[in-house]
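Single-letter residue listing:
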Amino acid sequence: MDIYNNHKRLFGAAIFLFIGLTMFAAVFPALDSQNNNAPLPESKPLTSEEVAGKGIFIREGCIACHTQQVRNVDMDKMWGTRPSIAADYARNVRTDVWRNTANLMGSERTGPDLMNIGNRQPSEDWHLLHLYNPRSVVAQSIMPAYSWLFDVKEYAFPEDVVVNVPDEFRQGVTGKIIATKGALALVAYLKSFKQLKLPDGKPSPLFLYGKEVKPALAGTTSKLNTELDGAVLYAANCQSCHQENGEGLKGAFPALKGSPIVLDKDPKVQLTIIMKGYNGRASEGFGVMPAVGTNNNLKPEEVAAIMNHERTSWGNNGRKVTLTEIKELFNQVKSGPVAK
Amino acid sequence: MKRSLFFLASLQMMAYPVLGETKVPGPTAVEAPGSESALIVFLVVVFLITMAGLALWLFGNSNHLEKLADRADENAESWISRHLQDFDEQQLDLLIKRRGTRQGQQGNQGKGATWKKPFLLFLFLSSGLTAFAQSGEASGNVWTNPGVLITVTLILIPILIAIYIVAVKVSHLVRKVRTSQIRKNAQKLARSIDELAGEELTQELTKRRQALRFRLSDTELSGVQAPEDKRGLLHHIAEVDSPRFIAPKKKAVKRPDIDPTLAKLILWYLGTATFWLVLGTSVGEYLGIKFVAPDADHVSWLSFGRLRPVHTNMVFWGWSSLAMIGLGYYVVSTVSNTVVASLKRGWYGLVLINASVLAGSLSLMAGINNGGGEYREYIWPIMLLFAIGLVITLVNYLQTIARRKTKEIYISNWYIVSAVMFTIVIALVGYLPFWQNGLGESIAQGYYMHQGVGMWFMLFNLGLIYYFLPQQLNTPIYSYSLGILAFWTQILFYTLIGTHHFIFSAIPWWLQTVAIIGSMGMLIPVFAGTTNFLMTFRGNFHKIGSSYTLPFYLVGIIFYFTGSFQGTAEAFRSANLYWHFTDFTTAHSHLTMYGIIAFMLWAAIYTLVPRLTGKEPKQAWVGAHFWMALLGLLFYTIPLMIGGTLKGMAWLEGKPFIDSVVLMAPYWLWRAIGGTLMWAAHLIFAYNLYYMIASKTQGDLQKAVFAELEKLPVNPINQ
């Protein structure tokens, strides 16, 4: 055939086919996605501090391990309340003349997804400690330590944000560990990752491949199947601050082991703190606790399982709460005031 | 005869109850109401299969016995003539001798088989008993009750054991019967052979006896004269006097001399590529260690997030790309039967691409990157250097092909030139800003990174293989048509598959589906290509053992098939559930970029460089490079695939995320071990390349002698 003896025709045909398919599979869909997705009504542009934080997020290559996409599959439910949609990324535009739009979606999940981290972990104290050395809050973590985002000073100025790093992670640092502007900006940027509600009437995509709920087998007691694993729920929601041994971190997160609130016969205060957060011990140097239960959409069954885990672990010998009493208190607490 | 008939009959009768009892549990199990337990069905099926197998085996045995019985009567003469060729010298001697003396010999028929009757009767009875037992336990109908299940199992165990023992006994019996049958036949035959008459047979036997005595003189081919190489065909004869620890491989074939200026250019491409390989994989090795020891350092320039793109870009644009372009200069000009259009342009390309990798690596470590999209982490001014290098290369290749002295364009050049053309388009789509906002960035990213690996590295390497493989095997490529099919289908399907990195994401569902279909379609070029290469290998597989380059080709081709097929499998939505985001992806990318691309490049380099320099690497070191790279790759990828799957399963089960980090620890350790092997292999490769290029020729006594001789003045003999 002539085409195989004529380089102009052969290579012309090949590049023509390739460009045509490129247009179909990449350029036109990209243009379409860029031009037809506006930001959600509730979304706000990043503040200047958050923009600076995004710069550090890009600089340090966080995307290598952290995705930002809640996929529409059931297993991703732990990362957000709804699957991500194109509009969630609409505010992500070209960084500057030198640098392209930041890649946020990522392709590896060596670390947790960050799509909703602003709701899942809103505690600034936790993030700063975690950045200084991730293993100070999550013992098994393999994330790099970003100690160059912190200064060491002999004395802290009043406006300085001091990070109370546990002794074993100070690595001989004797002065005060101060978060730099960069660290604070990065945390501010991370805290801005919040999944927003879709406007009324717009249906949220479904989570696919859900687990089938198996009906309880006849003849077996229902208790076995309905009681949730408190230890797993504690690990997913509470452990990063209060630690697996319930002892918290000195100067950062209070211990639950032997805590009078946890051991209190009346579960109301404990439940209120889980659902609405707590800042009662900030004066002692402890961080502010976010409203974990509300942020993570915990159900009464899950909260009860967590509370019972806390009440009966690490030598704690508190009274076990029942699901009925938590269900009763649940709505009351939700609409009530924050615990003091 | 009668005895064996009786045996057969009893055997048949025993087989019937065995067969019969298999039918008993079947219907009962199926009819059992509400029986949902897969376990029961499984047990019943296993039992039925065992029984059916046993029955078949017994039938087989009985048939065999019948055949034996049929063969009882044999004609002695026909038997001898049939087996004449099988007799050895001693047997023939005996026959001939006996025919000379012809003495009758009385044999006594044995009565060995009489004991069998009562035993068979016992078997017959006990087989009936087993049948009885079986039907007894099977008559129950409360199958779902665990108690019944356990009881049934407990009963089944002794029954199965009994059946096994019976089977063993029967098998012994059959063997005994067979032996006695043979003995009986033998006696009969021997007697009738002994009585045979006829001079003709004696002659035939004697003739055969003589034929067997024939021996070769060992000089049929060589004659009796001393050997002499009159035409100068033999060189460097290696005689083996001691055991060889390493099998010797063939030396590279002498090729026509290559323009030394072109050789220099290619060697510079390969040399800088190897530099980036060693440096880039050192970085990769350090990254692998960081998974195991995250606090290895706290230096910003060496942190994981910054070094990861340094590693990937360095081995992509530094090692693979430079090596490919360098090898391309040889292939493009050689298959066009002409010289490279401009060597100067080749040098410009070399400098530009090296500058791009150097500047890019430094800027990434300093924290300046393009936004984190994989393989386009270099900011555009740096990537522009690379792109200009590519454009220069393309012009050079195209002009060389335009000046070709052959009519047709060899298939290597389709692949190579298309790869360069497409990569320029890919870089433009990835770096032009007009469609990069919002999710447009992710769509462009999926396209860019996957076209980068498939259209740049894969296409270019296929082009190289289409030249080097037939060259090295000294055989034409199996099918040109398959090459054409693979070429066009690769363009058609591969261009579509970028989005399969974002399955279940916010990218339009239809585009994800297109990507999955494209991934499926990729099976066509992969099958076509693999078939083509393996069929080219056909009939030449024996050459692998005696070559130090062919193993690299074979490994590259095998990984081309498995790695690409794995990519298709990963794209399916159901597989993606498990594997997406896990370390499986890392394993896959190393299986392909290393198993296919790096191995093919090494194959080509070990083939080409001895032609350019006339020096060959040390064979043992090439072997060390090959085995360490291959084993390292397997140690690297297999644990990551296992760990990645377990990780995906843990996520599917909704386990806390940190659990999946903890479970990966041993697999990451294996990865670091495999990575270390690979890295050490690269050091050896670098040494081999150095040896091929710059090794001082070792003191050669022969050359030295002649050099000295030339220096000596020609003295008259009668001094």
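- Under an unreviewed UniProt entry, chain B has the name Cbb3-type cytochrome c oxidase subunit I and belongs to Mucilaginibacter aquariorum.

- Going by an unreviewed UniProt entry, chain A carries the name Cytochrome c and comes from Mucilaginibacter aquariorum.

1. Side note on the overall build of chain B
So, step 1. The helix and strand tally for chain B stands at 23 helices and zero strands.
So, step 2. In chain B, which comprises 719 residues, the proportion classed as buried is 52%.
So, step 3. Taking all contacts inside chain B whose residues are at least 6 apart in sequence as the whole, residues at least 24 apart take part in 84%.
So, step 4. As presented, chain B carries roughly 34,800 Å² of accessible surface, and 66% of it is formed by carbon and sulfur atoms.

2. Regarding the overall build of chain A
So, step 1. A tally of regular secondary structure across chain A gives 13 helices and two strands.
So, step 2. Residue pairs at least 24 apart in sequence account for 69% of intrachain contacts in chain A once pairs closer than 6 positions are excluded.
So, step 3. Taken as a whole, chain A presents about 17,000 Å² of accessible surface, with 57% of it coming from carbon and sulfur.

3. With respect to helix H8 (residues 199-213) of chain B
All names here are of chain B.
So, step 1. Across its 15 residues, H8 extends 21 Å between first and last C-alpha, which sits within 8% of the 21 Å expected from 1.5 Å per residue.
So, step 2. All buried positions along H8 are accounted for by Leu201, Thr202, Leu205, Arg208 and Arg209. Axial view of H8: buried residues confined to an arc of 125°, hence all on one face. Every exposed residue of H8 that faces more than 90 degrees away from the buried side is listed here: Glu199, Glu200, Gln203, Lys207 and Gln210.

4. What to know about the environment of serine 342 of chain B
Residues and elements named next belong to chain B.
So, step 1. Relative to the helices and strands, serine 342 resides in the loop between helix H10 (304-335) and helix H11 (343-365).
So, step 2. Relative accessible area serves as the criterion here: at 16%, serine 342 is assigned to the buried category.
So, step 3. Between the C-alpha atom of serine 342 and that of glutamine 399, which follows or precedes it by 57 residues, the distance is 8.7 Å.

5. Concerning the side chain of serine 300 of chain B
So, step 1. Along the chain, serine 300 of chain B falls in the loop between helix H9 (260-292) and H10.
So, step 2. Setting aside residues up to four positions removed in sequence, serine 300 of chain B forms contacts with Trp148 of chain A together with Arg306 of chain B.

6. Overview of the packing of helix H12 (residues 380-402) of chain B against helix H13 (residues 411-431) of chain B
Residues and elements named next belong to chain B.
So, step 1. The contact between H12 and H13 brings their axes to 10 Å, and the two run at 155°. Between H12 and H13, the angle falls in the class roughly antiparallel. Every pair of crossing elements has a handedness; the one defined by H12 and H13 is left-handed. Side by side, H12 and H13 meet where Trp380, Met383, Leu390, Val391, Leu394, Tyr397, Leu398 and Ile401 of the first sit next to Asn413, Ile416, Val417, Val420, Met421, Thr423, Ile424 and Tyr431 of the second.

7. What to know about the confidence of the model for chain A
So, step 1. Residues with a pLDDT of 70 or more make up 94% of chain A, whose mean pLDDT is 87.
So, step 2. Residue range residues 220-225 of chain A is modelled with pLDDT below 50. Its contacts to residues more than four positions away, or to other chains, number two contacts.

8. Digging into the interface of chain A and chain B
So, step 1. With 79 residues of chain A in contact, the opposing surface of chain B contributes 92 residues.
So, step 2. Taken together, the two surfaces of chain A and chain B that pack against each other cover about 7,500 Å², and 68% of this comes from carbon and sulfur.
So, step 3. When the area that chain A buries against chain B is broken down by residue, the three leading residues are Phe11, Phe18 and Met75 of chain A, summing to 10%.
So, step 4. For the pair chain A and chain B, the interface holds two salt bridges.
So, step 5. The salt bridge partner of arginine 135 of chain A is aspartate 295 of chain B, with a shortest N-O separation of 2.8 Å.
So, step 6. One can count 25 residue pairs in polar contact (both at pLDDT 80 or more) joining chain A with chain B.

9. Considerations on the nonpolar core
So, step 1. Judged by nonpolar contacts, the single largest core of 217 residues is most densely connected at Trp317, Trp319 and Trp602 of chain B.
So, step 2. For this core, the leading source of residues is helix H14 (residues 440-473) of chain B, giving 20 residues.
So, step 3. With residues up to four places along the chain from it excluded, the contact list for tryptophan 317 of chain B reads Leu322, Ile353, Val357, Tyr375, Tyr378, Met383, Phe386, Tyr448, Trp456 and Phe457 of chain B.
So, step 4. In this structure, Leu271, Ile274, Val303 and Phe330 of chain A belong to the second largest nonpolar core, which totals 19 residues.

10. What to know about the pattern of salt bridges
So, step 1. Here the structure, examined in full by the defined rule, presents 23 salt bridges over all chains.
So, step 2. A salt bridge links glutamate 301 of chain A to lysine 327 of chain A; the shortest N-O distance between them is 3.7 Å. Placement of the pair is glutamate 301 of chain A in helix H12 (residues 300-312) and lysine 327 of chain A in helix H13 (residues 323-335), with a sequence separation of 26 residues.
So, step 3. For glutamate 301 of chain A, a relative accessible area of 29% translates into the label partly exposed.
So, step 4. Residue classification places lysine 327 of chain A among the partly exposed positions, given a relative accessible area of 42%.
So, step 5. Lysine 655 of chain B is the salt-bridge partner of glutamate 653 of chain B, the closest N and O atoms lying 3.0 Å from each other.

11. A short note on the packing of aromatic side chains
Residue and element names in this part refer to chain B.
So, step 1. A full pass over the atoms with the stated rule returns 62 aromatic pairs over all chains.
So, step 2. Taking the centre distance of 5.2 Å and the plane angle of 80° together, the rings of tyrosine 415 and phenylalanine 487 count as edge-to-face. With a gap of 72 residues between them, tyrosine 415 in helix H13 and phenylalanine 487 in helix H15 (residues 480-494) connect regions that are remote in the sequence.
So, step 3. On the basis of relative accessibility, which here comes to 1%, the residue tyrosine 415 falls in the buried class.
So, step 4. Given a relative accessible area of 0%, phenylalanine 487 falls into the buried group.
So, step 5. Aromatic pair tryptophan 621 and tyrosine 687: ring centres 5.9 Å apart, planes at 70°, arrangement edge-to-face. Taken together, the positions of tryptophan 621 in helix H21 (residues 619-652) and tyrosine 687 in helix H22 (residues 657-694) put the pair 66 residues apart, joining distant regions of the chain.
So, step 6. A relative accessible area of 38% places tryptophan 621 in the partly exposed class.

12. Concerning unusual backbone geometry
So, step 1. In this model, glutamine 171 of chain A sits at a positive phi of 50°, which is unusual for a non-glycine residue.
So, step 2. By the element assignment, glutamine 171 of chain A lies in the loop between strand E1 (150-153) and strand E2 (176-179).
So, step 3. A positive phi is found at tyrosine 375 of chain B, a non-glycine position, where the angle reads about 70°.
So, step 4. With respect to the helices, strands and loops of the structure, tyrosine 375 of chain B is situated in the loop between H11 and H12.

13. Side note on the environment of valine 395 of chain B
So, step 1. Turning to its location among the elements, valine 395 of chain B is positioned in helix H12.
So, step 2. The sequence separation of valine 395 of chain B and methionine 421 of chain B amounts to 26 residues, and the corresponding C-alpha distance is 9.7 Å.

14. Overview of the side chain of aspartate 76 of chain A
So, step 1. Note that aspartate 76 of chain A resides in the loop between helix H2 (48-59) and helix H3 (117-120).
So, step 2. Within the local environment of aspartate 76 of chain A, its side chain forms a polar contact with the backbone nitrogen of arginine 71 of chain A, the two atoms lying 2.7 Å apart.

15. Thoughts on the state of the cysteines
All names here are of chain A.
So, step 1. Taken as a whole and judged by the stated rule, the model has zero disulfides over all chains.
So, step 2. For the unlinked cysteine cysteine 62, the closest cysteine sulfur is that of cysteine 65, found at 8.8 Å.
So, step 3. Of the residues examined, cysteine 65 reaches a relative accessible area of 16% and is grouped as buried.

16. With respect to the packing of H13 of chain B against H14 of chain B
Two measures define how a pair of helices packs: the angle their axes make with one another and the distance between the axes.
All names here are of chain B.
So, step 1. With their axes 8 Å apart at the nearest point, H13 and H14 run at an angle of 165° to one another. Relative to H14, the element H13 lies roughly antiparallel. H14 is crossed by H13, and the crossing has left-handed handedness.
So, step 2. Looking at the contact of H13 with H14 residue by residue, the classes come out as 22 nonpolar, seven polar and no charged.

Calculation criteria
Residues numbered from 1 in each chain as written. Chains lettered and ligands numbered in written order. Predicted model: local features only at pLDDT ≥ 70, side-chain atom pairs only at ≥ 80, totals over all residues. Heavy atoms only, no water. Helix = DSSP H or I, 4+ residues; strand = E, 2+ residues; numbered from the N terminus. Buried < 20%, exposed > 50% of the residue type's maximum accessible area, 1.4 Å probe, protein only. Contact = heavy atoms within 4.5 Å. Areas by Shrake-Rupley, 256 points an atom, 1.4 Å probe, with all protein chains shown as cover. Expected span 1.5 Å × (residues − 1). Arc of directions from axis to C-beta. Axes fitted to C-alpha atoms, helices over the stretch in contact; angles between N-to-C directions. Parallel < 35°, antiparallel > 145°, perpendicular 65-115°, else oblique. Left-handed = near helix turned anticlockwise from the far one by under 90°. pLDDT = per-residue confidence, 0-100. Buried area = accessible area lost by both parts, 1.4 Å probe. Salt bridge = Lys/Arg side-chain N within 4 Å of Asp/Glu carboxyl O. Polar contact = N/O pair within 3.5 Å; in protein donor to acceptor, adjacent residues only side chain to side chain. Core = buried A, V, L, I, M, F, W, Y, C linked by side-chain atoms within 4.5 Å. Phe/Tyr/Trp six-rings, centres within 6.5 Å; stacked < 30°, edge-to-face > 60°. Disulfide = S-S within 2.5 Å. Nonpolar A, V, L, I, M, F, W, Y, C, P; charged D, E, K, R; others polar.

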